[in-house]
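# Breakdown of the fold
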Amino acid sequence: MSMMEEALASATDTKVCVVGPGSADGSAAMFRDLFPTAGKVLVVEDPRTKSVAGDNVVSRLKASGVEVSEYVMNPDGSDFHATYAKVEEVREAIRGERVTGNGERGTGNGERVVVPVAVGSGTINDLVKRASDELGLRYMVVGTAASMDGYTSYGAAITKDGMKQTLSCRAPLGCIVDSAVAASAPREMTASGYADLIAKIPAGADWMLADAIGSEAIHPLAWRLVQEPLRAAISNPSGCASGDEREVRKLCEGLVMSGFAMQAMGSSRPASGTEHQISHYWDMEDLSFGGRPVSHGFKVGIGTLFSTKTLEFLLRHDLSTLDVDKAVASWPTTFDALKATFPAVYGDRPAHIRRAEDEMAKKYTTPDKIREELSTFKRVWPELSERIRAQIMPFDEVRENLRLAGAPYEPEQIGVTRAKFRDTCRGIPYMRNRYFGLDLVTRLGLLDELLDDLFGPGGIWFPMPPESALTSSPSQTCK
Ligand SMILES: [Zn+2]
């Protein structure tokens, strides 16, 4: 069985997926296979994706005898983002297309179902994914850029009530990613996808640590879906940046497999580690630069640098000789004692404190349990540290690859000063009830040492003078 067949066999929502040059040409055939009784198609696109793929998809659907309407988001070509208002806009556009048995619009008996087809990348896919789900409809996506791993994952990243959140919804029934179209997408989109994919390297190491203490066991298939195609997919960052179709195809495949791993496990764990927590933290703060939101992949890429440094820091410690009692003694003895430290960590940010309290109510671990965890690490460290060493990519290589891919490789390139970066890293351990390498550092009582190492004098992110801090960034888009 090919990896794709395995992925599809384990997928809860998606039945078919094709990645390749010109694969959008097969959209009508896939559509008729998946939706034999559909009354009508609504193609949701924007002016750019309409011209690079939407028009092709529409003409092929029409040629196969399907009734098609188009909904072009922001037809003036202006920017838009994945907000809940946009979900509602798409949802109403789909609802407005429902047709009755005799071809008249309406909601009476004999209604024929409209099937949404998203033509675009992260934003359009997430909007259509959620809007369809709210109407109880399945949908299909034709992906136009290798910009993130959300094509085949469940859930949609939507800004609602002022906060970016993952709203639940099913993954598409069918997925096409046309790698020839993706190869000619704006360079920063491919760079974003590259960064979202290289993140799976330290994320895998984070998962090994969680697995070792029984926090979240490694799901063998989900692990393979992400990790097996990964090294090849990120091996040629310059090729990705220059739009080499074969390289971009590998990137698309790697990203699609990550989505499938999340479907297989019903969790984002296979594709998300410390670096994604950093990205989510900046989502909470609405991080934008140059007047535009910073793309998911770009935030994740900078997070990946920190996450890699965290793992390298851990590997410099021989935990097999750990003084467990000493480490346990530094850990707050009660949840209330831990909570009392949050104002110093988050300052005047009540939303952050609320979130930390909510997550840590589930994540707080008693000193006895910490003792057990650290004793486990002490016992398995010789073997585990070797596996982590083999898993991760050295920091310099990660940073150089991001640079070659055209992705940001310094925090200032996404509008994050080094002081802010440090502040973010300090706040991460309490923001999510999930175990990462940074949690081990924290539970060893070494978080300040790690931060001083990176952000203190001589550290790689020692603050620069303010006037040179915010340099110009690679141009960004979040579509
Ligand atoms: Zn991601």
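Residues numbered from 1 in each chain as written. Predicted model: local features only at pLDDT ≥ 70, side-chain atom pairs only at ≥ 80, totals over all residues. Heavy atoms only, no water.

As far as domains go, the protein chain holds domain 1 (3-184) and domain 2 (204-216 + 267-469). Counting residues at the interface gives six residues for domain 1 and eight residues for domain 2. Carbon and sulfur atoms supply 49% of the area that domain 1 and domain 2 bury against each other, a total of about 670 Å² over both sides. When the buried surface of domain 1 facing domain 2 is broken down by residue, Tyr154, Met163 and Lys164 rank first, second and third, together holding 50% of it. Summed over the shared surface of domain 1 and domain 2, the result is one salt bridge. Measuring nitrogen to oxygen at the nearest pair gives 3.0 Å for the salt bridge that ties Asp79 to Arg292. For the interface between domain 1 and domain 2, the tally reads two residue pairs in polar contact (both at pLDDT 80 or more). The residue makeup of the side of domain 1 that touches domain 2, split by class, is two nonpolar, one polar and three charged. (Domains from an automatic or database assignment. Contact = heavy atoms within 4.5 Å. Buried area = accessible area lost by both parts, 1.4 Å probe. Salt bridge = Lys/Arg side-chain N within 4 Å of Asp/Glu carboxyl O. Polar contact = N/O pair within 3.5 Å; in protein donor to acceptor, adjacent residues only side chain to side chain. Nonpolar A, V, L, I, M, F, W, Y, C, P; charged D, E, K, R; others polar.)

Now for the packing of helix α1 (residues 3-10) against helix α12 (residues 245-265). It is at 9 Å that the axes of α1 and α12 come closest, and there the two elements cross at 35°. The two elements α1 and α12 cross, and the hand of that crossing is left-handed. Two secondary-structure elements touch here, α1 through Met3, Met4, Ala7, Leu8 and Ser10 and α12 through Val256, Met257, Phe260 and Ala264. Partitioning the contact of α1 with α12 into residue classes produces eight nonpolar, one polar and no charged. (Axes fitted to C-alpha atoms, helices over the stretch in contact; angles between N-to-C directions. Helix = DSSP H or I, 4+ residues; strand = E, 2+ residues; numbered from the N terminus. Left-handed = near helix turned anticlockwise from the far one by under 90°.)

With that settled, the discussion passes to the pattern of salt bridges. In this structure the tally under the stated criterion is 40 salt bridges. Measuring nitrogen to oxygen at the nearest pair gives 3.0 Å for the salt bridge that ties Glu92 to Arg91. Looking at Glu92, the relative accessible area reads 38%, which means it is partly exposed. For Arg443, the salt bridge identified is with Glu373, shortest N-O distance 2.9 Å. Of the two residues, Arg443 is situated in helix α22 (residues 437-443) and Glu373 in helix α19 (residues 367-391); the sequence distance between them amounts to 70 residues. For the pair Arg443 and Glu373, one class covers both residues: buried. Several salt bridges share partner residues, and in doing so they unite Arg91, Glu92, Arg95, Arg130 and Glu134 into one network. (Buried < 20%, exposed > 50% of the residue type's maximum accessible area, 1.4 Å probe, protein only.)

Coordination of the zinc ion by the protein comes from Asp196 (OD), His276 (NE2) and His296 (NE2), over a distance range of 2.1 to 2.2 Å. Given the relative accessible area of 25%, His296 is considered partly exposed. (Donors = N, O, S within 2.8 Å, 3.2 Å for Na, K, Ca; no water.)

With that settled, the discussion passes to the pairing of strand β8 (residues 174-178). Burial analysis of β8 places five of its five residues in the buried class, which makes it a mostly covered element. Of the two faces of β8, the one lined by Gly174, Ile176 and Asp178 and the one lined by Cys175 and Val177 are each fully buried. Looking at chain direction, strand β1 (residues 16-20) and β8 are connected through five bridges and run parallel. Looking at β8, one finds that Val16 is bridged to Gly174. (Pairing = 2+ DSSP bridges.)

What follows concerns the nonpolar core. Core analysis: the largest hydrophobic core is formed by 132 residues, its most contacted members being Leu209, Phe260, Phe306 and Leu440. The element that contributes the greatest number of residues to this core is α12, accounting for nine residues. Core analysis: the second largest hydrophobic core is formed by 21 residues, Phe31, Val43, Val58 and Ile176 among them. (Core = buried A, V, L, I, M, F, W, Y, C linked by side-chain atoms within 4.5 Å.)

It is worth spelling out helix α9 (residues 220-227) at this point. Taking burial as the measure, the eight residues of α9 include six buried ones, the bulk of the element. Burial in α9 covers these residues: Leu221, Ala222, Trp223, Leu225, Val226 and Gln227. Looking at the buried side of α9, the elements it contacts are α1, α8 (200-212), α10 (230-233), α12 and α19.

The volume enclosed by the largest pocket comes to roughly 1,200 Å³. Taken together, 50 residues form the lining of the largest pocket, with Ala157, Lys164, Thr166, His280 and His296 sitting closest to its centre. The set of elements that each furnish at least two residues to the lining of the largest pocket consists of α5 (122-134), β6 (156-160), β7 (163-167), α7 (187-198), α13 (274-284), α14 (296-315) and α18 (350-363). Element by element, the count of residues in the lining of the largest pocket is highest for β7, at five residues. Residues of the lining of the largest pocket, tallied by class, amount to 16 nonpolar, 22 polar and 12 charged. Per-domain counts for the lining of the largest pocket show at least three residues from each of domain 1 (3-184) and domain 2 (204-216 + 267-469). (1 Å grid on protein atoms, 1.4 Å probe; cavity = no way out; pocket = protein on both sides within 12 Å on 5 of 7 lines; lining within 4 Å. Points joined across faces, edges and corners; volume = space filled by probe spheres on them.)

As a further point, take the packing of α7 against α12. Remark: α7 packs on α12, axes separated minimally by 10 Å, with the N-to-C direction vectors making an angle of 50°. As judged from the angle between their axes, α7 and α12 are oblique. Considering only the axes of α7 and α12, their crossing is left-handed. Here Thr190, Gly193, Tyr194, Asp196 and Leu197 of α7 come into contact with α12, specifically with Val248, Leu251, Gly254, Leu255 and Ser258. For the contact of α7 with α12, the per-class residue count stands at five nonpolar, four polar and one charged. (Parallel < 35°, antiparallel > 145°, perpendicular 65-115°, else oblique.)

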